[in-house]
Amino acid sequence: MAKIERRPSTRGRKGNWNNVNNLKFLVDFMDELGLTTTTVASRVGLSRQSVFYWLEKDEAKLSSIDKVFKAFGYRLSFEYEKIRAEGIASVTMNVRKDSSCDGRLLSFMDNALNRYHIDRTSLSEALGIGKTTIYYWLTRDDIFVSYIFKVADAAGLRVKISIDPIE
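Treat the numbers as computed from the prediction; the structure is a model and nothing was measured.

Let's talk about the overall build of the chain
Okay, step 1: Scanning the chain from N- to C-terminus turns up 8 helices and 2 strands.
Okay, step 2: A total of 167 residues make up the chain; the buried ones form 34% of that total.
Okay, step 3: A fraction of 70% describes how many contacts in the chain between residues 6 or more apart in sequence connect residues 24 or more apart.
Okay, step 4: Summed over its atoms, the accessible surface of the chain is roughly 11,200 Å², and 48% of this surface lies on carbon and sulfur atoms.

Okay, here's the thing in structure tokens:
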């Protein structure tokens, strides 16, 4: 029987995930801590192939990614911000009570849709998804990470990602 020659992968061995966009924050986190797909997988209780698949496809459920950050002692949070014209200084305004700490993964999305008066039906049409999908995401409290960015793009918002040590 002929032996199959395996070519080494051009990705993953040294953290070379150049084509990752949606999960770039995960790749950057792994690079910063010197983590491999094997290390991440073993800490979370998954196979290395699962983590490799996420990065190869540039897609994963938010709940799965959240488990990775928690396993390493970090809190992952998202926020939608209005895109404003850039000036000389970078200004952050906290004029509303922070309700992102209510324990739900998608509270940031629910808050932004209400805060910016974004019609869910129009948003679902702009995304090309069913009318009940946004409701489903919010009640299940989970979403594919790519849709976080797609919602922001469709609504004219910017995604702000924060990674902080759990105190």
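Thoughts on the packing of helix H6 (residues 120–127) against helix H7 (residues 133–140)
Okay, step 1: Put simply, H6 and H7 touch, their axes get as near as 9 Å, and they point 105° apart. Put simply, H6 runs roughly perpendicular to H7. On H7, the residues touching Arg120, Leu123, Ser124 and Leu127 of H6 are Ile134, Trp137 and Leu138.
Okay, step 2: Split into classes, the residues belonging to the contact of H6 with H7 amount to 5 nonpolar, 1 polar and 1 charged.

Some points on the packing of helix H1 (residues 24–33) against helix H4 (residues 62–71)
Okay, step 1: Packing of H1 against H4 leaves a shortest axis separation of 12 Å and a crossing angle of 20°. By the criterion of interaxial angle, the relationship of H1 to H4 is roughly parallel. You can see that H1 and H4 cross each other, and the crossing is left-handed. Here H1 contributes Phe25, Leu26 and Phe29 to the contact with H4, which in turn contributes Ile65, Val68 and Phe69.
Okay, step 2: Classifying every residue of the contact of H1 with H4 gives 6 nonpolar, no polar and no charged.

Side note on H6
Okay, step 1: All of the buried residues in H6 are Leu123, Ser124 and Leu127. Projected onto a plane normal to the axis of H6, the buried residues spread over an arc of 100° and lie on a single side. Within H6, the exposed residues directed more than 90 degrees away from the buried face are Glu125 and Ala126.
Okay, step 2: Looking at the buried side of H6, the elements it contacts are helix H5 (107–115), H7 and helix H8 (145–155).
Okay, step 3: Just past H6, the residue glycine 128 takes up positive phi, approximately 75°.

Describing H4
Okay, step 1: For H4, every residue scored as buried is listed here: Leu62, Ile65, Asp66, Val68 and Phe69. Projected down its long axis, H4 shows its buried positions confined to an angular sector of 155°, all on one face. Exposed residues lying more than 90 degrees from the buried face of H4 are Lys67 and Lys70.
Okay, step 2: Residues of H4 that are buried make contact with H1, helix H2 (37–44), helix H3 (48–57), strand S1 (74–82), H8 and strand S2 (157–165).
Okay, step 3: Positive phi appears at glycine 73, one or two residues downstream of H4, with a value of about 85°.

Remarks on the side chain of serine 124
Okay, step 1: When you line up the elements, serine 124 lands in helix H6.
Okay, step 2: Among the residues examined, serine 124 registers a relative accessible area of 0% and is labelled buried.
Okay, step 3: When residues no more than four places from it in sequence are discounted, the contact partners of serine 124 are Ile129, Gly130, Lys131 and Ile134.

What counts, and at which threshold
- Residues numbered from 1 in each chain as written.
- Predicted model: local features only at pLDDT ≥ 70, side-chain atom pairs only at ≥ 80, totals over all residues.
- Heavy atoms only, no water.
- Helix = DSSP H or I, 4+ residues; strand = E, 2+ residues; numbered from the N terminus.
- Buried < 20%, exposed > 50% of the residue type's maximum accessible area, 1.4 Å probe, protein only.
- Contact = heavy atoms within 4.5 Å.
- Areas by Shrake-Rupley, 256 points an atom, 1.4 Å probe, with all protein chains shown as cover.
- Axes fitted to C-alpha atoms, helices over the stretch in contact; angles between N-to-C directions.
- Parallel < 35°, antiparallel > 145°, perpendicular 65-115°, else oblique.
- Nonpolar A, V, L, I, M, F, W, Y, C, P; charged D, E, K, R; others polar.
- Left-handed = near helix turned anticlockwise from the far one by under 90°.
- Arc of directions from axis to C-beta.

Function cannot be inferred from these measures alone, as they are strictly geometric.
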